[in-house]
Amino acid sequence: MEIPVNGYLVHSDDSDSYHSHNLYITTWDGRPVHVHQFSGVTSFDVGHSHKFVGVTEPAPSGVPHTHRYFTFTSFDDGHRHEIRGVTGPAIPLPGGGHYHEFSGVTTISGRIPHSHRYRGKTSGG
């Protein structure tokens, strides 16, 4: 099965020795795509917490959907953690648009190996 996808590719003009491109998908199966911002603070464990911020992966608009997300926490207490997962389904907002809830557990890291819990709501979209 083929799904038509439209978008554009942007060449990076970085002056370092690495060459990169960013792919921006604008439609998926004829539907425009969208993303959400997310941020928060992890649980307080082993004497500290971490902040995190990111943008979800694109998903089609106008149909039931979820978003994958991935980011790293802030560097605190000499380490950071990875956060990744899939949001819950879209929750409608009274004035239109929607948001998603997300929650999970970070990867294990630190001088004393540990993880943190996190949860939140994405920006509306």
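Read on for an overview of the structure. (Residues numbered from 1 in each chain as written. Predicted model: local features only at pLDDT ≥ 70, side-chain atom pairs only at ≥ 80, totals over all residues. Heavy atoms only, no water.)

### Let's talk about the environment of His98
Locating His98 in the fold gives a position in strand β10 (residues 98-99). Sequence-distant contacts of His98, defined by excluding residues within four places in its chain, comprise His34, His36, His65, Ala90, Ile91, Pro92, Leu93, Ser123, Gly124 and Gly125. Only 3.2 Å separates the side chain of His98 from the side chain of His34, close enough to count as a polar contact. Side-chain polar atoms of His98 contact the side chain of His100, separated by 3.3 Å. (Helix = DSSP H or I, 4+ residues; strand = E, 2+ residues; numbered from the N terminus. Contact = heavy atoms within 4.5 Å. Polar contact = N/O pair within 3.5 Å; in protein donor to acceptor, adjacent residues only side chain to side chain.)

### Describing the packing of aromatic side chains
Using the criterion set out here, one finds nine aromatic pairs in the structure. A ring pair is formed by Phe52 and Phe102, whose centres lie 6.2 Å apart and whose planes are at 80 degrees; its orientation type is edge-to-face. On the criterion of sequence distance, the pair formed by Phe52 in strand β5 (residues 51-55) and Phe102 in strand β11 (residues 101-105) is long-range, its members being 50 residues apart. Here Phe52 and Phe102 have matching classes, each one buried. Aromatic pair Phe102 and Tyr118: ring centres 6.3 Å apart, planes at 40 degrees, arrangement tilted. Linking Phe102 in strand β11 with Tyr118 in strand β12 (residues 117-121), this pair joins segments that are 16 residues apart in sequence. Accessibility classification places Phe102 together with Tyr118 in one group, the buried group. Feature note: the residues Phe38, Phe52, Tyr69, Phe102 and Tyr118 constitute an aromatic cluster, connected by ring pairs. A cation over a ring is seen here: Arg80 above Phe72, with NZ or CZ 3.9 Å from the ring centre. (Phe/Tyr/Trp six-rings, centres within 6.5 Å; stacked < 30°, edge-to-face > 60°. Buried < 20%, exposed > 50% of the residue type's maximum accessible area, 1.4 Å probe, protein only. Lys NZ or Arg CZ within 6 Å of the ring centre and 35° of its normal.)

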